[in-house]
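What follows is the residue order along each chain.
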Amino acid sequence: MKLREFLLHIFVLASATAWELFLAYNAPLLDDYYIKGGMIHLSSGVIKCWREYSPSLTFVILVLLPALVLLVMYLLFKKAPLKKSGLAIGVPVLLVVLVSLINPDSSLLTLPVISVGVGAVLGEEKGEKALLAIEGLLPGFVVITIILSGLAVSC
């Protein structure tokens, strides 16, 4: 892999992870976009709280924004690393969002498998495969953290 491509992968990894960390930092403001919840007052005077993961289209677009930007840049500049990076980030993050609908805890097991699989399919040599796997793993892990932290908050 050329130095220019390596640096591009590192820049993409850093910026995509930074974006997801920015979303994680602002997760309390995004609660309504991916968590539904409420309180039920029982006749015995007990208050029960409920929260469930329910991602809106806005939330999905926000977490997929780095991948979408990379794919648009690929369409403009026709550089293969941009397409590979966009898919390496987008596929794991999207699958984490979807798998979390079934069972948020299983996303922690699913993400590494998906990231390594996508990196192995898209990469041409060992170094690129590893970088692409990491590009999907780190942002995806931050998204899992956002989802689980939103569910863990009590009322």
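The structure contained in this document is the topic of the report that follows. Counting of residues starts from 1 at the beginning of each chain's written sequence and follows it residue by residue. Residues qualify for local features only when their pLDDT is at least 70, as the model is predicted, and side-chain atom pairs are given and counted only at 80 or more; totals for whole chains, interfaces and linings, by contrast, use all residues. To obtain the side-chain values, all non-hydrogen atoms of the structure were used and water was disregarded.

1. Quick look at the overall build of the chain
Then, in step 1: In this description a helix means any DSSP run of H or I spanning at least four residues, a strand means any run of E spanning at least two, and both kinds are numbered starting from the N terminus. A count of helical and extended segments in the chain gives six helices and two strands.
Then, in step 2: For the chain, the spread of C-alpha atoms along the three principal axes comes to 70 × 30 × 20 Å.
Then, in step 3: Only protein chains enter the area calculation, which uses a 1.4 Å probe; residues under 20% of their type maximum are buried, those over 50% are exposed, and those in between are partly exposed. Burial analysis of the chain (155 residues in total) assigns 37% to the buried set.
Then, in step 4: Shrake-Rupley sampling with a 1.4 Å probe provides the accessible areas, and residues are treated as covered by the protein chains on show and by no other component. Approximately 8800 Å² of the chain is accessible, and the part contributed by carbon and sulfur atoms is 71%.

2. Let's talk about helix H1 (residues 3-25)
Then, in step 1: The span you would expect from a helix comes to 1.5 Å times its residue count less one. Relative to the 33 Å expected for 23 residues at 1.5 Å per residue, H1 spans 32 Å between its end C-alpha atoms, a close match to the ideal helical length.
Then, in step 2: Summarising the contacts, the buried residues of H1 are in contact with helix H2 (27-34), helix H3 (57-77), helix H4 (80-102) and helix H6 (126-152). Contacts are assigned to residue pairs that have any heavy atoms within 4.5 Å of one another.

3. Section: the pattern of salt bridges
Then, in step 1: Think of a salt bridge as a Lys or Arg side-chain nitrogen and an Asp or Glu carboxyl oxygen that are within 4 Å of each other. In total, this model carries three salt bridges according to the counting rule given.
Then, in step 2: Close ionic contact of Asp31 with Arg51 constitutes a salt bridge, the shortest N to O distance being 3.5 Å. Pair noted here: Asp31 is in helix H2 and Arg51 is in strand S2 (residues 47-53), with a separation of 20 residues, a long-range link.
Then, in step 3: The exposure class of Asp31 is buried, given its relative accessible area of 19%.
Then, in step 4: For Arg51, a relative accessible area of 31% corresponds to the partly exposed category.
Then, in step 5: Note that Lys84 and Glu128 form a salt bridge whose closest N and O atoms lie 3.4 Å from each other.

4. Quick word on the pairing of strand S1 (residues 35-41)
Then, in step 1: The rule for pairing is simple: two strands pair if DSSP sees at least two bridges between them. Across seven bridges, the pairing between S1 and S2 is antiparallel. Looking across to S2, one finds that Lys36 is bridged to Glu52.
Then, in step 2: Counted along the chain from S1 to the antiparallel partner S2, the turn is five residues long, and its residue Gly45 has a positive phi close to 90 degrees.

5. Details of the nonpolar core
Then, in step 1: Only buried residues count toward a nonpolar core. Its members are Ala, Val, Leu, Ile, Met, Phe, Trp, Tyr and Cys residues joined through side-chain atoms within 4.5 Å. Membership of the largest hydrophobic core comes to 25 residues, with the highest contact counts inside it found for Tyr34, Phe59, Val63, Ile89, Val97, Val143 and Ile146.
Then, in step 2: Those elements giving two or more residues to this core turn out to be H1, H2, H3, H4 and H6.
Then, in step 3: Ranked by residue count, the leading element in this core is H3, at six residues.
Then, in step 4: Residues contacting Val63, with those up to four places away along its chain left out, are Glu20, Leu23, Val93, Val97 and Val143.

6. Here's the deal with the packing of H1 against H2
Then, in step 1: Fitting a line to C-alpha atoms yields each axis, with helices limited to the stretch in contact; the angle taken between N-to-C directions then spans 0 to 180 degrees. Two elements in contact, H1 and H2, have axes whose closest approach is 6 Å; the angle formed by their N-to-C orientations is 90 degrees. In this view, H1 runs roughly perpendicular relative to H2, as classed from their interaxial angle. Residues Leu23, Ala24 and Tyr25 of H1 pack against Ala27, Pro28 and Leu30 of H2. Angular relationships are summarised with four words: roughly parallel below 35 degrees, roughly antiparallel beyond 145, roughly perpendicular across 65 to 115, and oblique for the angles in between.

7. Notes on the side chain of Glu135
Then, in step 1: Assignment of secondary structure puts Glu135 in helix H6.
Then, in step 2: In this count, Lys and Arg are taken as positive residues and Asp and Glu as negative ones, while His and the chain termini are left out. Buried and without a salt bridge, Glu135 has Lys84 as its closest oppositely charged side chain, separated by 10 Å.
Then, in step 3: At 2.7 Å, the side chain of Glu135 and the side chain of His9 are in polar contact. Any pair of N or O atoms that falls within 3.5 Å is considered a polar contact. Within protein, one atom must be able to donate a hydrogen and the other to accept it, and sequence-neighbouring residues count only if both atoms are side-chain atoms.

8. As for a nonpolar patch on the surface
Then, in step 1: For patch detection, residues must exceed 30% relative accessible area and be free of salt bridges, and they are connected within 9 Å for like charges or within 5 Å for nonpolar side chains (Val, Leu, Ile, Met, Phe, Trp, Tyr). A cluster of nonpolar side chains, Leu57, Ile61, Leu65, Leu68, Val69, Val72, Met73, Leu76 and Phe77, forms an exposed patch at the surface whose accessible area comes to about 820 Å².
Then, in step 2: Secondary-structure assignment places Val72 in helix H3.

9. Quick word on the packing of aromatic side chains
Then, in step 1: Think of it this way: a Phe, Tyr or Trp ring, Trp meaning its six-membered ring, pairs with another when their centres are within 6.5 Å, and the plane angle makes it stacked under 30 degrees, edge-to-face over 60, tilted otherwise. What the rule picks out here adds up to two aromatic pairs.
Then, in step 2: With centroids separated by 4.6 Å and ring planes inclined at 20 degrees, the aromatic side chains of Tyr34 and Phe59 adopt a geometry described as stacked. Residue Tyr34 is found in helix H2, and its partner Phe59 is found in helix H3; the two are separated by 25 residues along the sequence.
Then, in step 3: With relative accessibility at 1%, the residue Phe59 sits in the buried group.

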